[in-house]
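# Overview (structure and organization)
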Amino acid sequence: MLMDVITGHDSTDATVVLPVGVRDLLPRDLPACTWSGSATHLRHVERELARAAVGEADYLAVCTPVDLPVAIGGIDYQVSEGAGTLWQLAVLPALRSRGLGTLLVRAAEQRIRNRGLPRAELAVEENNPRARALYERLGYAVYGRKPDAWDEEGPDGSIRRYETMCLLLGRDL
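Reference entry: report on the structure contained in this document. (Residues numbered from 1 in each chain as written. Predicted model: local features only at pLDDT ≥ 70, side-chain atom pairs only at ≥ 80, totals over all residues. Heavy atoms only, no water.)

### Things to note about the pairing of strand E6 (residues 83-91)
Within E6, seven of the nine residues are buried, which leaves it mostly tucked inside the rest of the structure. One ladder, built from five bridges, connects strand E5 (residues 69-76) with E6; its direction is antiparallel. Within the sheet, the bridge partner assigned to Ala 71 lies in E6 and is Val 91. Where E5 folds back onto E6 in an antiparallel hairpin, the turn is made up of six residues, including Gly 82, whose phi is positive at roughly 80°. Two elements, E6 and strand E7 (residues 119-125), share four bridges in a ladder whose sense is parallel. Bridging across to E7, Gly 84 finds its partner in Ala 120. Between the parallel pair E6 and E7, the chain is carried across by helix H2 (residues 100-114), and the sense of this crossover is right-handed. (Buried < 20%, exposed > 50% of the residue type's maximum accessible area, 1.4 Å probe, protein only. Helix = DSSP H or I, 4+ residues; strand = E, 2+ residues; numbered from the N terminus. Pairing = 2+ DSSP bridges. Right-handed = clockwise from strand over helix to strand, strands pointing away.)

Right, dumping it as structure tokens:
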């Protein structure tokens, strides 16, 4: 459903406004989420959906009216006692800075509250100031830092270990 089209003075310049909704990410969504990472990443997301099925995690999708995921992210309830830990937050690159990340984080926080937990936490790479600025704007504060690592798939399909330093941020809900 097209909500609005706003055209500028230049006939090639327009803004399209579409409603979006938040729901659980489903295995059938994964082929439409290749923008979020490699095949290795999507296999990991698929494993996390199995954890969501047994209540250890939630995995959310912000979707367009045609049910296309344009932002996804998880909440792990096993990482930190008394908190939900947000991870693997991603927004379709062409739609960044449009409020989808904010909507995703706020929906995740509501899921955490619904579980009776008083706190949300997350980690962000030190070299990702854009994401850090979003989280701080949403009320998250740095409380520490830690190294992290994960497998990353190269363009040729090879797997290498990616190592980074992350800031730990939290927010009381």
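We are not done yet, so read on.
### Some details on the nonpolar core
Grouped together as the largest cluster of nonpolar side chains are 24 residues, with contacts concentrated most on Leu 86, Tyr 135, Tyr 140 and Leu 169. Elements with a minimum of two residues in this core: strand E4 (57-63), E5, E6, H2, E7, helix H3 (129-137) and strand E9 (159-172). Here this core gets six residues from one element, more than from any other, and that element is H2. Tyr 140 has contacts with Leu 86, Val 105, Glu 109, Ala 120, Leu 122, Tyr 135, Leu 169, Gly 170 and Arg 171, leaving out every residue within four places of it along the chain. (Core = buried A, V, L, I, M, F, W, Y, C linked by side-chain atoms within 4.5 Å. Contact = heavy atoms within 4.5 Å.)

### Regarding the layout of surface pockets
In this structure, the second largest pocket spans a volume of roughly 270 Å³. Of the residues forming the lining of the second largest pocket, the biggest block, three residues, is contributed by strand E2 (residues 14-17). (1 Å grid on protein atoms, 1.4 Å probe; cavity = no way out; pocket = protein on both sides within 12 Å on 5 of 7 lines; lining within 4 Å. Points joined across faces, edges and corners; volume = space filled by probe spheres on them.)

### Some points on the environment of Gly 157
Here Gly 157 shows up in the loop between strand E8 (141-153) and E9. Residue classification places Gly 157 among the partly exposed residues on the basis of a relative accessible area of 38%.

### Brief notes about the side chain of Arg 51
The topology assignment puts Arg 51 in helix H1 (residues 39-53). With near-sequence residues (within four places) excluded, Arg 51 lies in contact with Glu 56, Ala 57, Asp 76, Gln 78 and Trp 87.

### Here we look at H3
For H3, every residue scored as buried is listed here: Ala 131, Leu 134 and Tyr 135. Buried residues of H3, viewed axially, fall in a sector of 95°; they line one side. When the buried face of H3 is taken as reference, the exposed residues oriented beyond 90 degrees from it are Pro 129, Arg 130 and Arg 137. (Arc of directions from axis to C-beta.)

### A short note on the sheet that holds E9
Strand order in this open sheet of seven strands is E3-E4-E5-E6-E7-E9-E8, and the pairing throughout is mixed. At either margin of the open sheet sits one strand with a lone partner, and together these are strand E3 (21-24) and E8. For this sheet, the mean angle separating the axes of adjacent strands, direction not counted, is 30°. As paired elements, E4 and E5 share seven bridges and run antiparallel to each other. Residue pairing for E5: Asp 58 is matched across the bridge by Ile 75. The sheet strands contacting H2 are E3, E4, E5, E6, E7 and E9, and the helix crosses E6 at an angle near 155°. (Axes fitted to C-alpha atoms, helices over the stretch in contact; angles between N-to-C directions.)

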